[in-house]
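Here's the letter readout for the chains.
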Amino acid sequence: MIADDSAVVRGLVARWIAEAGFDVVATASNGRIAVEAMSRHDPDVILLDIDMPELDGTQALPLLLAKSPGVQIVMMSTLTTRNADISLRCLALGAVDYLAKPESNRGVTTSDVFRQDLIERVRLFGSARARKRGPAQGTGAGAFAHVAAPAPKPAAPLVLRPKARSGIAPRVLLIGASTGGPRAVGEVLEKIGSATLRQVPVLIVQHMPPVFTAVFAEHLGARTGLPAAEGKADERLQPGRIYVAPGGRHMGLTGTPGRPDVAIRLHDGPVVNFCRPAVDVLFQDAAAIFGAAALAVVLTGMGADGTGGARALTEAGAAVLAQDEATSTVWGMPGSVAKAGLAQAILPLSEIGGALRNLLNGQGS
């Protein structure tokens, strides 16, 4: 279902979705119509615009989830600070993802990136919902019918990497995440606790567009009570501060191994793993500078960004944790690290914060 007050956007997105082989069961020009449509249709995915008359996306979100708790709702908004803040709040309320929309209808029409991102999310979240439904609950006619009940396959054994060298206290905490990450990162930091977080600088690469990363940092600061902001070029790392990679820029590190004068390195180099910022850029720099004194975790996200960096970290003697499949919105990034045998532990989201806290306090995992 597409809920957007622009008839141009509704028509264009509906055409894209149909051309990609999916079914559009309903469109709505405001949140009220979308909520009413849930009684007649049971969509797998809802593309929900934030700014709509009568009932906007933020007001419609809880009503839609109440009618269909398993529905996958992707918020759509233009790149403004206000909309970034609202989108992140919607993730906390149950939306699964957000999609930055071009500011004008012309921009929507001409943006191949927006179209690709939109179809990617429909495919990803629609398939996930259909698998949860199972064959008896699915409509049987939708585009996701063929993935509703995949034949069970024996899981390949995952190899856990031996524990990192003992006796070296972590001097930095590194976090990489993408789809589903904003909620996961916040929960992990909260469970580590501000007292422990004050011992080390925390560096985060969350795949997000510009504007969103600054607001994301503000949310993390409010949640942890620690100073949090986008990383700035040549900014010296300080314990107890949270640094978020700015949207659209790689965030790495510069400094001399064994010395305390490590600083942020920002650059606009080529995309890595189709991403900028990329987790690999941060992890690889940290491996070179901090070695075994680094501690990293890869959380939910699409793709394989972070695997190359995790390899560099583990070869340097650092510990790397990965989120498990059951609690990941998408088990792409952490799954890639886990399958490569680079994870010291593969844990559900609820246990990651405690495990990191123990490692930061020198208590092992």
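Residues numbered from 1 in each chain as written. Predicted model: local features only at pLDDT ≥ 70, side-chain atom pairs only at ≥ 80, totals over all residues. Heavy atoms only, no water.

Colleague: I'm lost on the overall build of the protein chain in this one. Help?
Modeller: Helix and strand content of the protein chain: 13 helices and 14 strands. A burial count over the protein chain gives 55% of its 365 residues as buried. Taking all contacts inside the protein chain whose residues are at least 6 apart in sequence as the whole, residues at least 24 apart take part in 71%. With the model as given, the accessible surface of the protein chain reaches about 15,300 Å², and the carbon-plus-sulfur share is 52%. (Helix = DSSP H or I, 4+ residues; strand = E, 2+ residues; numbered from the N terminus. Buried < 20%, exposed > 50% of the residue type's maximum accessible area, 1.4 Å probe, protein only. Contact = heavy atoms within 4.5 Å. Areas by Shrake-Rupley, 256 points an atom, 1.4 Å probe, with all protein chains shown as cover.)

Colleague: Help me out: how do you make sense of the sheet that holds strand β1 (residues 2-3) in this one?
Modeller: Strand order in the open sheet formed by five strands is β2-β1-β3-β4-β5, with parallel pairing between adjacent strands. Each edge of the sheet is formed by a strand with only one pairing partner; in this case those strands are β2 (27-28) and β5 (97-101). On top of the sheet, helix α4 (residues 81-93) reaches β4 (72-78) and β5; it is set at about 170 degrees to β4, its chief contact. (Pairing = 2+ DSSP bridges. Axes fitted to C-alpha atoms, helices over the stretch in contact; angles between N-to-C directions.)

Colleague: When you look at the pairing of strand β7 (residues 202-206) in this model, what are you seeing that I'm missing?
Modeller: Here is the key point about a regular strand: its side chains alternate between the two faces of the sheet. β7 sits mainly inside the fold: five of its five residues count as buried. By the alternation rule, side chains of β7 split into Val 202, Ile 204 and Gln 206 and Leu 203 and Val 205, which are all buried. Relative to β7, strand β6 (residues 172-177) runs parallel, the two being bridged by five bridges. Of the residues in β7, the one forming a bridge with Gly 176 is Val 205. Relative to strand β9 (residues 242-244), β7 is paired through three bridges, and the arrangement is parallel. Counted as the bridge partner of Ile 204 is Val 244 from β9.

Colleague: Just to check I follow, could you spell out the packing of helix α3 (residues 57-67) against α4 for this structure?
Modeller: Packed helices, taken two at a time, are described by the angle between their axes plus the distance between the axes. At a minimum axis separation of 11 Å, α3 and α4 run at an interaxial angle of 15 degrees. The orientation of α3 with respect to α4, classified from their angle, is roughly parallel. Pair α3 / α4 crosses with right-handed handedness. Of the residues in α4, those in contact with Thr 58, Leu 61 and Leu 65 of α3 are Ile 86, Cys 90 and Leu 93. Per-class residue counts for the contact of α3 with α4 are five nonpolar, one polar and no charged. (Parallel < 35°, antiparallel > 145°, perpendicular 65-115°, else oblique. Left-handed = near helix turned anticlockwise from the far one by under 90°. Nonpolar A, V, L, I, M, F, W, Y, C, P; charged D, E, K, R; others polar.)

Colleague: Would you explain the pairing of strand β3 (residues 45-49) in this entry?
Modeller: In terms of burial, β3 is largely enclosed, as five of its five residues are buried. Here β3 shows two buried faces, one formed by Val 45, Leu 47 and Asp 49 and the other by Ile 46 and Leu 48. As judged from the two bridges shared by β1 and β3, these two strands associate in the parallel manner. Within β3, the position partnered with Ile 2 by the bridge is Leu 47. Regarding topology, α3 serves as the crossover connection from β3 to the parallel β4, and that connection is right-handed. (Right-handed = clockwise from strand over helix to strand, strands pointing away.)

Colleague: So what exactly am I meant to see when it comes to helix α1 (residues 7-19) here?
Modeller: At 3.6 residues per turn, the α-helix brings residues three or four places apart onto the same side. Here α1 spans 18 Å end to end across 13 residues, near enough to the 18 Å set by a 1.5 Å rise per residue. Positive backbone phi, at 95 degrees, marks Gly 21, one or two positions downstream of α1. (Expected span 1.5 Å × (residues − 1).)

Colleague: Where do I start with the packing of aromatic side chains in this structure?
Modeller: Aromatic ring pairs are described here by two measures, namely the spacing of the ring centres and the angle between the planes. Using the criterion set out here, one finds two aromatic pairs in the structure. Aromatic pair Trp 16 and Phe 114: ring centres 5.9 Å apart, planes at 65 degrees, arrangement edge-to-face. Of this pair, Trp 16 sits in helix α1 while Phe 114 sits in helix α6 (residues 112-133), and the two are 98 residues apart along the sequence. Side by side, Trp 16 and Phe 114 carry an identical accessibility label, which is buried. Their ring planes at 20 degrees and their centres at 4.9 Å tell us that Tyr 98 and Phe 212 sit as a pair that is stacked. With Tyr 98 in strand β5 and Phe 212 in helix α9 (residues 212-224), this pair connects stretches of sequence that are 114 residues apart. The class for Tyr 98 is buried, based on a relative accessible area of 5%. Overall, Phe 212 belongs to the buried group, its relative accessible area being 0%. (Phe/Tyr/Trp six-rings, centres within 6.5 Å; stacked < 30°, edge-to-face > 60°.)

Colleague: I'm lost on the confidence of the model for the protein chain in this one. Help?
Modeller: Any residue range with low pLDDT should be treated as having predicted coordinates unsuitable for detailed reading. Looking at the protein chain, the pLDDT average stands at 89 and 89% of residues meet or exceed 70. Every residue in residues 136-155 scores below 50 in pLDDT, and together they form 23 contacts with partners more than four places removed in sequence or on other chains. (pLDDT = per-residue confidence, 0-100.)

Colleague: Explain unusual backbone geometry here, please?
Modeller: If a residue is not glycine, its phi is most likely negative; likewise, a peptide bond is most likely trans. The omega torsion of the bond from Arg 276 to Pro 277 falls at 10 degrees, within 30 degrees of zero and hence cis. Mapping Pro 277 onto the fold places it in the loop between β11 (263-267) and α10 (279-290). Of note in the backbone geometry, Val 211 takes a positive phi value of approximately 80 degrees without being a glycine. Following the sequence through the fold, Val 211 ends up in the loop between β7 and α9. Under the relative-accessibility criterion, Val 211 is labelled partly exposed at 29%. The phi angle at Asn 273 is positive, at roughly 55 degrees, despite the residue not being glycine. Examined against the element boundaries, Asn 273 turns out to sit in the loop between β11 and α10.

Colleague: Could you clarify how one ought to interpret the sheet that holds strand β8 (residues 228-230) in this entry?
Modeller: Backbone-to-backbone hydrogen bonds join strands into a sheet, with any given pair of strands oriented parallel or antiparallel. Across the sheet, seven strands lie side by side as β8-β9-β7-β6-β12-β13-β14; this open sheet has parallel pairing. Looking at strand neighbours, the two that pair on one side only are β8 and β14 (345-347), the edges of this open sheet. The mean angle between the axes of side-by-side strands here comes to 20 degrees, regardless of whether they run parallel or antiparallel. Here α10 sits on the sheet in contact with β6, β7 and β12 (294-298), set at roughly 160 degrees to β6.

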